Amino acid sequence: MFIQIKIEIPQARRSMVSRPRLVGKFNEGLESKLTLVSAQAGYGKTTALGTWAKQCGVPVAWVSLDKLDNDWTTFWNCILTSIRKRVPGFGEKLGFLLEMESAASFEPGISALLNELQQLDDSLVLVLDDYHVIDLQAIHHSLSYLLEYLPPHVHLYIASRVELAFPTARLMAKGEMVQINMKDLQFNLDEGVIFFRDMMKISLTNDQIFELFRQTEGWVSGLQLAAITLKRSSNIAASIRQFNGQQRHISSYLLEEVYGNLSESMQQFLLATSLLSRMNRDLCQAVTDQKDSQGQLERLEQLNLFLIPLDDRHEWYRYHHLLSDFLQQIIARDNPEQLRQFHVRAASWFESQSLNEDAIEHYIKAQQVEDAVRLIESLLPELMKSKVNVLIRWITSLPESSYEHKPLFEIFYISKLIEGGDWNKALQRAEQAEKRFESLKAVIPELEWKQLMGNLYYFCGIICYLKRDVIRTSHYFEQLDYYLPEGGSFQNYGSNRYQDYYLFTDLLSLNNDLHVVEQFLLKWIHVWGEREHYPFVGYLYISYCMLHYEWNNLEEAELYLGQAMKREDLQTNIWMRVQLHLISSWLQLALGRGSEAIESLTRFSLTIESPDYDLIMRRIKEQQAHLFLRQGQVQKTIDWSEQNGLSYRDEVSLHRMEEYLVLARVLAVSERIEEAIHLIDNLERLVEKENYLRLRIKLLVVKCTVLWYSDQPREAFEALKAALWISEPTGYIRSFIDEGPVMEEMLSNLEERHEPGSRAVPFGYISKLLHAFRARHSDRLSRETRLTDQEENVLDLIAEGLLNKEIASRLQISVDTVKFHVKNIYRKLGVQRRTQAIQHAKQNHSFK
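Residues numbered from 1 in each chain as written. Predicted model: local features only at pLDDT ≥ 70, side-chain atom pairs only at ≥ 80, totals over all residues. Heavy atoms only, no water.

Asks: Residues and numbers for the overall build of the chain, please.
Replies: Along its length, the chain carries 47 helices and seven strands. Judged by the C-alpha coordinates and their principal axes, the chain covers about 120 × 70 × 55 Å. Restricting the contact set of the chain to residue pairs at least 6 apart, pairs at least 24 apart contribute 69%. Computed over 94 positive and 113 negative side-chain charges, the separation of the two mean positions in the chain equals 0 Å. (Helix = DSSP H or I, 4+ residues; strand = E, 2+ residues; numbered from the N terminus. Contact = heavy atoms within 4.5 Å. Lys, Arg positive; Asp, Glu negative; His and termini not counted. Charge placed at Lys NZ, Arg CZ, Asp CG, Glu CD.)

Asks: Could you give an account of the packing of helix α25 (residues 446–466) against helix α26 (residues 470–483), naming the residues involved and the relevant values?
Replies: In helix packing, the relevant descriptors are the interaxial angle and the interaxial distance, both defined with respect to the helix axes. The geometry of α25 relative to α26 is characterised by a closest axis approach of 8 Å and an angle of 160° between their N-to-C directions. Classified by the angle between their axes, α25 and α26 sit roughly antiparallel to one another. Relative to α26, the crossing made by α25 is left-handed. Along the contact surface, α25 presents W449, K450, M453, G454, Y457, Y458, C460, G461, I462, C464 and Y465, while α26 presents R472, T473, Y476, F477, Q479, L480 and Y483. (Axes fitted to C-alpha atoms, helices over the stretch in contact; angles between N-to-C directions. Parallel < 35°, antiparallel > 145°, perpendicular 65-115°, else oblique. Left-handed = near helix turned anticlockwise from the far one by under 90°.)

Asks: Report on empty space enclosed by the protein, specifying residues and quantitative values.
Replies: Evaluated as defined, the whole model comprises four cavities of 30 Å³ or more. Empty space within the largest cavity amounts to approximately 260 Å³. Along its surface, the largest cavity is lined by 16 residues, and H626, E658, R665, K698 and D738 are the ones closest to its centre. Split into classes, the residues belonging to the lining of the largest cavity amount to two nonpolar, three polar and eleven charged. There is about 130 Å³ of room inside the second largest cavity. The wall of the second largest cavity is formed by 13 residues, among which K45, T46, R318, H320 and H321 lie closest to the centre. For the lining of the second largest cavity, the residue count by class is three nonpolar, six polar and four charged. (1 Å grid on protein atoms, 1.4 Å probe; cavity = no way out; pocket = protein on both sides within 12 Å on 5 of 7 lines; lining within 4 Å. Points joined across faces, edges and corners; volume = space filled by probe spheres on them. Nonpolar A, V, L, I, M, F, W, Y, C, P; charged D, E, K, R; others polar.)

Asks: Report on the sheet that holds strand β3 (residues 124–129), specifying residues and quantitative values.
Replies: Spatially, five strands are ordered β2-β3-β4-β1-β5 in an open sheet, and the strand pairing comes out parallel. What marks the edges here is a single partner per strand, and that holds for β2 (60–64) and β5 (177–180). Along the sheet, successive strands turn relative to each other by an average axial angle of 15°, direction set aside. The pairing of strand β1 (residues 34–38) with strand β4 (residues 154–160) spans five bridges and is classified as parallel. Paired with V37 across the bridge in β4 is A159. (Pairing = 2+ DSSP bridges.)

Asks: Describe the pattern of salt bridges, naming the residues involved and giving the relevant values.
Replies: All told, the structure shown has 38 salt bridges when counted by the stated rule. The shortest N-O distance in the salt bridge between E361 and R393 comes to 2.6 Å. Placement of the pair is E361 in helix α20 (residues 356–365) and R393 in helix α22 (residues 388–397), with a sequence separation of 32 residues. The exposure class of E361 is buried, given its relative accessible area of 9%. Shared partners join several salt bridges into a network, and the residues in it are K6, D66, D69 and R278. (Salt bridge = Lys/Arg side-chain N within 4 Å of Asp/Glu carboxyl O. Buried < 20%, exposed > 50% of the residue type's maximum accessible area, 1.4 Å probe, protein only.)

Asks: Got a sec to walk through unusual backbone geometry? Specific residues and values, please.
Replies: Phi is positive for Q367, close to 60°, though the residue is something other than glycine. With phi around 70°, R468 is a residue other than glycine that occupies positive phi space. With relative accessibility at 27%, the residue R468 sits in the partly exposed group.

Asks: Before we move on, can you summarise the environment of L34 with the specific residues and values?
Replies: Structurally, L34 is set in strand β1. On a C-alpha basis, the gap between L34 and I158 in space is 7.6 Å, while along the polypeptide they are 124 residues apart. Once residues lying within four places of it in the same chain are set aside, the contact partners of L34 are L147, L156, I158, L164, T168, L171, E176, M177 and V178.

Asks: Describe the environment of Y498, naming the residues involved and giving the relevant values.
Replies: Tracing the backbone through its elements, the reader meets Y498 in the loop between α26 and α27 (502–505). Sequence separation between Y498 and Y457 is 41 residues; the distance between their C-alpha atoms is 26 Å. If near-sequence neighbours (up to four positions away) are discounted, Y498 is found in contact with S105, I574, W575, V578, Q579, S610, D612, L615, I616 and R619.

Asks: Now, about the nonpolar core: what can you tell me, with residues and values included?
Replies: Ranked by size, the top nonpolar core spans 135 residues in total, and within it L720, L724 and F736 carry the most contacts. Here this core gets 13 residues from one element, more than from any other, and that element is α25. For F736, the residues in contact, after removing those within four places along its chain, are I697, V701, L720, A723, L724, S727, M743, Y765, L769 and F773. Of all hydrophobic cores here, the second largest spans 119 residues; its members include W72, L128, L276 and A359. (Core = buried A, V, L, I, M, F, W, Y, C linked by side-chain atoms within 4.5 Å.)

Asks: Summarise the packing of aromatic side chains; cite the residues concerned and give the values.
Replies: Inspection of the entire model under this criterion finds 28 aromatic pairs. Measuring from centroid to centroid gives 5.6 Å for W449 and Y483, while their planes differ by 85°, and the two rings are edge-to-face. Taken together, the positions of W449 in helix α25 and Y483 in helix α26 put the pair 34 residues apart, joining distant regions of the chain. A relative accessible area of 13% means that Y483 is categorised as buried. With centroids separated by 5.7 Å and ring planes inclined at 55°, the aromatic side chains of F536 and Y539 adopt a geometry described as tilted. When sorted by exposure, F536 lands in the same class as Y539, which is buried. Ring-pair connections join several aromatic residues into one group, and the members of that group are Y458, F459, F477, F520, W524, W528, Y534, F536, Y539 and W575. (Phe/Tyr/Trp six-rings, centres within 6.5 Å; stacked < 30°, edge-to-face > 60°.)

Asks: Give me helix α30 (residues 537–550): which residues, what numbers.
Replies: In a regular helix each residue adds 1.5 Å, so 14 residues correspond to 20 Å; α30 covers 20 Å between its end C-alpha atoms and thus fits that length. Here α30 lies mainly inside the structure; 14 of its 14 residues are buried. (Expected span 1.5 Å × (residues − 1).)

Asks: Quick rundown of the confidence of the model for the chain? Include the residues and the values.
Replies: On average, residues of the chain carry a pLDDT of 84, and 92% of them reach 70 or more. Within the chain, the element-level pLDDT minimum falls on α27, averaging 46, and the maximum on β3, averaging 96. (pLDDT = per-residue confidence, 0-100.)

Asks: Mind laying out the side chain of E658, listing which residues take part and the relevant values?
Replies: Topologically, E658 is positioned in helix α36 (residues 657–669). Note on E658: relative accessible area 16%, which makes it buried. At a separation of 2.9 Å, a polar atom in the side chain of E658 contacts the side chain of K698. (Polar contact = N/O pair within 3.5 Å; in protein donor to acceptor, adjacent residues only side chain to side chain.)

Right, dumping it as structure tokens:
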């Protein structure tokens, strides 16, 4: 019900002062993308904008925002509903825009919205009133993106008490923004004369009007309050002389004057209803216990007492913010217990109308904690999907003791702390929750309790994973496996949305002791990899394949990649599918199958069915561009750089780091060295804020090659030395050799400068890297027939007569891995049976 009220254009009074100057400013917005109406309370933003909207001759989609709209799903649902009222059928395919995943990766959803707006036949105005109540960054960012690409026939008008929380300088510079500020909204003297004479029916001299304007500076609400006061005054001249001070003092003085002259019944009505953001007769009657509530509302409207009708039927109203703030200050100061009772009555009425979210707001303000918790719990599954930020605000405003026996509250809050990056607080809350949940063992059913504990330990493991504590992560995963051996709803979640969680799922960026990481990943792949429906293991497969790719263990990476690709439970998660195909393309190129690497990504792109298709394609095209560059097809990579919309001047971000690194390489090979260096400098400043070792190494590697292209060998070698020193402990190889001949040349130059006993450069590491380069240049056939170290180990154990299961146990690998190695051994040795392989082993002590 309330959403329909929010999308109505507020009703203006029947007689209004004609303001052609202000109307002209509003009309300018029909030639611009954005019109910002910015001023503090009392300047008539809503009235002026609503009056113009009624007569502008263009369809207007209006949204009156409040605190409950400070949530992704609710905010965009209001906008789509409002547009749909003016354009039937609009946005019926945009349901995914309302999903919480869109807040984390908004571009696909907003792009789809822009496509629908582009197809409109006529102009459209979208008005967001009271935008200052919105502080969710995802909404700010998405609106900024919307404005960047808004079609020329769609115009956004925003009314706010404060400046916008997203940048508008580019719009101003391009002449695509109109600003309407306090001075524009103020009455001028001529408008004031009309206001007092024709609207308020007060006869004043020009001097008296001039004095009022001097005191109020044309402030619309101040003049309106003055008029209400003067109509009751027996000595107008004396009353005018009493006006003094700044506007907040004038408003307090005048509101007290107006309020003090009302009947006691009207005063009580105003105080009781001041806490309502929107109201009708029935709601007012429930709160005030006055049966003549409709009459009271009509009398207030006749008095022009800052009551704003919200619909054509004059059934729903709201107070001007100045009046409601003034009244709430009075009742909070003089009778806080009565204020609490009014909130209880309002909450009860809202609940009786099944308007539970509004009921929760009032129960919390009334300190009716049990009722608030009761309603929140009943709505929790729905709220976790649609109103996350509102839910967090509610939970954090309640005392923890009120929901300590409601563990889902705590689980939800911990999960949101993790998503928000507050990992220390999340772990602290989780450890506290563990003690409380233990005490519930005898209170709730055993199955429910085990699910609760398992999900808690899952999040504990995730937190430790992100905090780079692999040992504690493994401990918590052991607890998870004990309580939920088949997994719970959180770790079995599959999504058709693509979000860039690269830094969360790549342990190579989160931990420097990669040998510990390897053991951790292998352990849990063996534990969970045997289970058919356990998609969370996909994250571990991805990290494990990336690790072995970096170590240049290509066959090991290919083996585990193949296992992951075959798992049906990973096919429901588009992020995992994309990552696995990207890794596959790296491997194919490294194994000499460059054309297949690019073609396989193209084939994969044809299978994608996701609302985030454009975002996924951007990632795939960036990878293909990198592959082209590594194969020497420079022009194709330049074409990509000209089409993707990236610029070296951009405000860089971590989630597009890979794209910017490719762009830096393209700029360098295109001899746009200054631009490449400018971009690298920006990326360095970004990476310095984060402690992600792998990103630092990649950036230093690209930096040294860019400097080498710029004929700055000394600076290039310094960057390379820095990369070598920090990457030597990790054993990274591919990050270097994937840069190709330029890197090989630089490493060879460094090796030639080797001085005995010098510690300026890790020459042993350089030799290892150059060996990898030379091995890559060796004959493909030779590499195809040479056994790896692990294959030699397997062959030795075969020769000892061990079975596959025994070999797996001895080498601490899976039976499937043994079979994979055996298959490769047979192929490389040209044999078909175990006995032939054993005979070959006896004849050849070494296979390298």
